[in-house]
Amino acid sequence: MTSPRPQRADGSVRVLGIDPGSTITGYGVVEGRGTECRLVECGVIRSPRQGDLAVRLLHIYSDIRAVIERLQPDCLAVEGVFYRENARTAVILAHARGVALLAGAEQGLPVAEYAPAEIKKAVVGTGRATKTQVGFMVQKLLNLAEPPRPADASDGCAAALCHIITGTGPLARRRAAQ
């Protein structure tokens, strides 16, 4: 991870969380200050299911860059690749993750990488949490009426929350000071 940027004037930090995928990439921008977190925006980037992988990766990269430019996060938290039964799927997922890392680095953002189990543990309390459990806890932690939809958007929010809770965000600094 690169060095953290200074906090905002109000002491908050804005984190862009990314749940990479080759056809659906979830993202969530969460702002945290003290023990309070709020959702700025979340959604998904949809790439064409068919066609050249390079074109799909360009689409993901361009849309992540647009989110960064529009919402001005202080750092990027990206879910790491976990090995699936299909090695080809894992490699394609790693490509999508790579363009997310590139978009953040190109914009000068500190980039943190978290394993899927680490994100689940930070947000839910167990590294084996289900998507439903992650969505429920994202809803509770961000004081939302319902979990972000689709689940990929919720997973992007979870990555951002993980960084705020366990990374270099305000909650992590508060814990370190205790």
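Coordinates for the structure precede this section.
Residues numbered from 1 in each chain as written. Predicted model: local features only at pLDDT ≥ 70, side-chain atom pairs only at ≥ 80, totals over all residues. Heavy atoms only, no water.

(A) Geometry of the sheet that holds strand E4 (residues 75–79). Pairing is mixed across the open sheet formed by five strands, whose spatial order is E3-E2-E1-E4-E5. Two strands in the sheet have a free side with no partner beyond their single neighbour: strand E3 (36–46) and strand E5 (111–114). Here the average twist between neighbouring strands, direction ignored, is 20°. Here 10 bridges tie strand E2 (residues 24–33) to E3, and the two strands are oriented antiparallel to one another. Within E3, the position partnered with valine 29 by the bridge is glutamate 41. (Pairing = 2+ DSSP bridges. Helix = DSSP H or I, 4+ residues; strand = E, 2+ residues; numbered from the N terminus. Axes fitted to C-alpha atoms, helices over the stretch in contact; angles between N-to-C directions.)

(B) Geometry of helix H1 (residues 53–71). If you check H1, its first and last C-alpha atoms are 27 Å apart, about what 19 residues at 1.5 Å a residue would give, namely 27 Å. Those residues of H1 that fall on the buried side of the exposure criterion are Arg56, Leu57, Ile60, Tyr61, Ile64, Val67, Ile68 and Leu71. Axial view of H1: buried residues confined to an arc of 135°, hence all on one face. In this fold, the buried residues of H1 make contact with strand E1 (13–19), E2, E3 and helix H2 (87–106). Glutamine 72, located one to two residues past H1, shows a positive phi value of around 50°. (Expected span 1.5 Å × (residues − 1). Buried < 20%, exposed > 50% of the residue type's maximum accessible area, 1.4 Å probe, protein only. Arc of directions from axis to C-beta. Contact = heavy atoms within 4.5 Å.)

(C) Spatial organisation of the packing of helix H3 (residues 116–124) against helix H4 (residues 131–141). Where H3 meets H4, the axes come as close as 9 Å, and the angle between the chain directions of the two elements is 45°. One way to sum up the angle between H3 and H4 is to call them oblique. Judged by the sense of rotation from one axis to the other, the crossing of H3 with H4 is left-handed. Of H4, the residues touching H3 (which contributes Lys120, Val123 and Val124) are Gln133, Val134, Met137, Val138 and Leu141. Among the residues forming the contact of H3 with H4, the class breakdown is six nonpolar, one polar and one charged. (Parallel < 35°, antiparallel > 145°, perpendicular 65-115°, else oblique. Left-handed = near helix turned anticlockwise from the far one by under 90°. Nonpolar A, V, L, I, M, F, W, Y, C, P; charged D, E, K, R; others polar.)

Keep in mind these values describe shape, not function.
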